[in-house]
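# Secondary and tertiary structure notes
Each chain is listed here by its residues.
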Amino acid sequence: MNETHRASGIDLCRGLAAFAVILVHSGDETWGVPISDRAIQFRHLFYFAVPFFLAASFYFSTKKTPLKIDRAFWQKKLQRIVLPYLLWSLLYIVAKLAIALLTKETEQMQQLLADPVAIIFMGAASYHLYFMPLLIAGMMLLYLANYLNQIKYPIFLLSFLATVSILLYQLLMVSQNDFNLGDYDAFVQLFPATDWDNIFAQVWRCILVNLAWLIRCLPYFAIALLLQAILRKDTQWLYRPANVTAIFGFFLLVDILGAKYLPNALSELLIAYSLLLFGIAVSQYISNSNLITNLGLCSFGIYLVHPLVKSIVEILLAKTLPQVTQSVSITSMLIYSISSFLFSWVAISLMQRNKLISQYI
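All values reported here derive from a predicted model rather than from experimental measurement. (Residues numbered from 1 in each chain as written. Predicted model: local features only at pLDDT ≥ 70, side-chain atom pairs only at ≥ 80, totals over all residues. Heavy atoms only, no water.)

Considering the arrangement of structural elements, one finds serine 8 in helix H1 (residues 3–24). Those residues in contact with serine 8, other than ones at most four positions away along the chain, are Ser283, Ile286, Ser287, Asn288 and Ile292. (Helix = DSSP H or I, 4+ residues; strand = E, 2+ residues; numbered from the N terminus. Contact = heavy atoms within 4.5 Å.)

A few words now on the nonpolar core. Within the largest apolar cluster, 113 residues are counted, with the highest numbers of intra-cluster contacts made by Leu54, Phe58, Phe221, Tyr273, Leu276 and Ile302. Examining the composition of this core, we find that 18 residues originate from one element, helix H10 (residues 199–233), more than from any other. (Core = buried A, V, L, I, M, F, W, Y, C linked by side-chain atoms within 4.5 Å. Buried < 20%, exposed > 50% of the residue type's maximum accessible area, 1.4 Å probe, protein only.)

The next subject is helix H11 (residues 241–261). The end-to-end C-alpha separation of H11 is 28 Å, in line with the 30 Å expected for 21 residues at 1.5 Å each. The complete set of buried residues in H11 reads Val244, Ile247, Phe251, Val254, Asp255 and Gly258. The secondary structure elements touched by the buried residues of H11 are helix H2 (37–44) and helix H12 (264–282). (Expected span 1.5 Å × (residues − 1).)

A word on the state of the cysteines. Counted under the stated rule, the structure contains 0 disulfides. In this structure cysteine 206 is not part of a disulfide, and its nearest cysteine sulfur, from cysteine 217, lies 16 Å away. In this model cysteine 298 remains outside any disulfide bridge; the closest cysteine sulfur is found in cysteine 13, 17 Å from its own. (Disulfide = S-S within 2.5 Å.)

Okay, the pattern of salt bridges next. Scanning the entire structure with this criterion turns up 4 salt bridges. One salt bridge connects arginine 205 with aspartate 115, and the closest N-O pair in it is separated by 2.7 Å. Here arginine 205 is found in helix H10, whereas its partner aspartate 115 is found in the loop between helix H5 (106–112) and helix H6 (116–121), with 90 residues between them in sequence. Given a relative accessible area of 2%, arginine 205 falls into the buried group. (Salt bridge = Lys/Arg side-chain N within 4 Å of Asp/Glu carboxyl O.)

Tracing the backbone shows glycine 249 in helix H11. Residue class for glycine 249 comes out partly exposed when judged on its relative accessible area of 33%. Along the primary structure glycine 249 and serine 274 are separated by 25 residues, whereas in three dimensions their C-alpha atoms are 9.2 Å apart.

Below, the discussion takes up a nonpolar patch on the surface. Side chains of Leu190, Phe191, Ile199, Phe200, Val203, Trp204 and Ile207 sit close together on the surface and give an oily, nonpolar patch of about 740 Å² of accessible area. Residue placement: phenylalanine 200 occurs in helix H10. Accessibility expressed as a relative area gives 67% for phenylalanine 200, which makes it exposed. (Patch = residues over 30% accessible without salt bridge, like charges linked within 9 Å, V, L, I, M, F, W, Y side chains within 5 Å. Areas by Shrake-Rupley, 256 points an atom, 1.4 Å probe, with all protein chains shown as cover.)

A few words on H12. With 19 residues, H12 extends 27 Å between its outermost C-alpha atoms, agreeing within 8% with the 27 Å of an ideal straight helix rising 1.5 Å per residue. The buried fraction of H12 amounts to 16 of the 19 residues, a majority that puts the element mostly inside the structure.

Here we come to the confidence of the model for the protein chain. Confidence in the prediction for the protein chain averages 89 pLDDT; 96% of positions are at 70 or higher. For the protein chain, the element scoring lowest by mean pLDDT is H5, at 75; H12 scores highest, at 96. In the model, residues 1–6 has pLDDT below 50 throughout and makes 11 contacts with residues more than four positions away in sequence or in other chains. (pLDDT = per-residue confidence, 0-100.)

Moving on to the side chain of aspartate 255. Inspection of the secondary structure assignment puts aspartate 255 in helix H11. Notably, aspartate 255 is buried but unbridged: the nearest opposite-charge side chain belongs to arginine 43, and the N-O separation is 12 Å. Ignoring any residue separated from it by four or fewer positions in sequence, one finds aspartate 255 in contact with His44, Leu45, Phe48 and Ile271. (Lys, Arg positive; Asp, Glu negative; His and termini not counted.)

Have a look at this one:
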């Protein structure tokens, strides 16, 4: 399968995942307006976005082995993940401070800067930026890839590792010790936060958060290696039309019913990797399209910029369609998300024309 075909299906799924993120953020209980039960159920169908991004990241990071994890590797990650993360964090903090200053919300300004450790290391500048330090933490697992690929019976051992890591991730969630996006901490049931003002407590907090992130990433890493081992033996089964349809049907089935009948960790991983496999498989049947390629290239930029665009869309809707902003329904979520997605796509596509800017979006 050539590189052009592979990219087409994955780029399409990346665009779908970027849209899913925006829809999830287009209406919830924190908005302070009535929300329908159908809207909540509809929103839950789009929680596959971040799991898919994790699955795709680990799958393609481990595709070419042995991995050469050296200074050049980390310089590339610095340029592609760390610097954009820091710049976007700064942008969101400046934007929020400017809004608070204009509205004379001095208390909000103090709250924004009250937790610099979370802003710098955990993505607290905006609710969606945590994904980038999470990804950097997960990259540490790549040091194990070369050793695991050298074993005699990789499929057996990787299956065992995937099973254990899924159980560990499930235990982390059930025990409520996983990463808390609201408070930016982890393992609070084992180590309740007492004094984050203490520098040693902050170091401990960062260690616990990164440990929780590693536990979350471990099953993605193990399944990525397992898939590589399976597909190295035979790939033809993946591209048969019946199997492509079956994989997508399985994705829809687990996405709709998985949270109700399966453990959360297993459901999340099945959804993520079934969509990834569908993206790889369907690439054989998608002609090369500049639109799809552009969507894939812009997908992460769309993810990063969408809160700013969504705020602008919200202001415009409040003036033009005020009834949409008075409650959260499936219709209002679609209006918010489709508008925000299209405007974000256009903005990122225009920004990518500048070589300097395109490095950080």
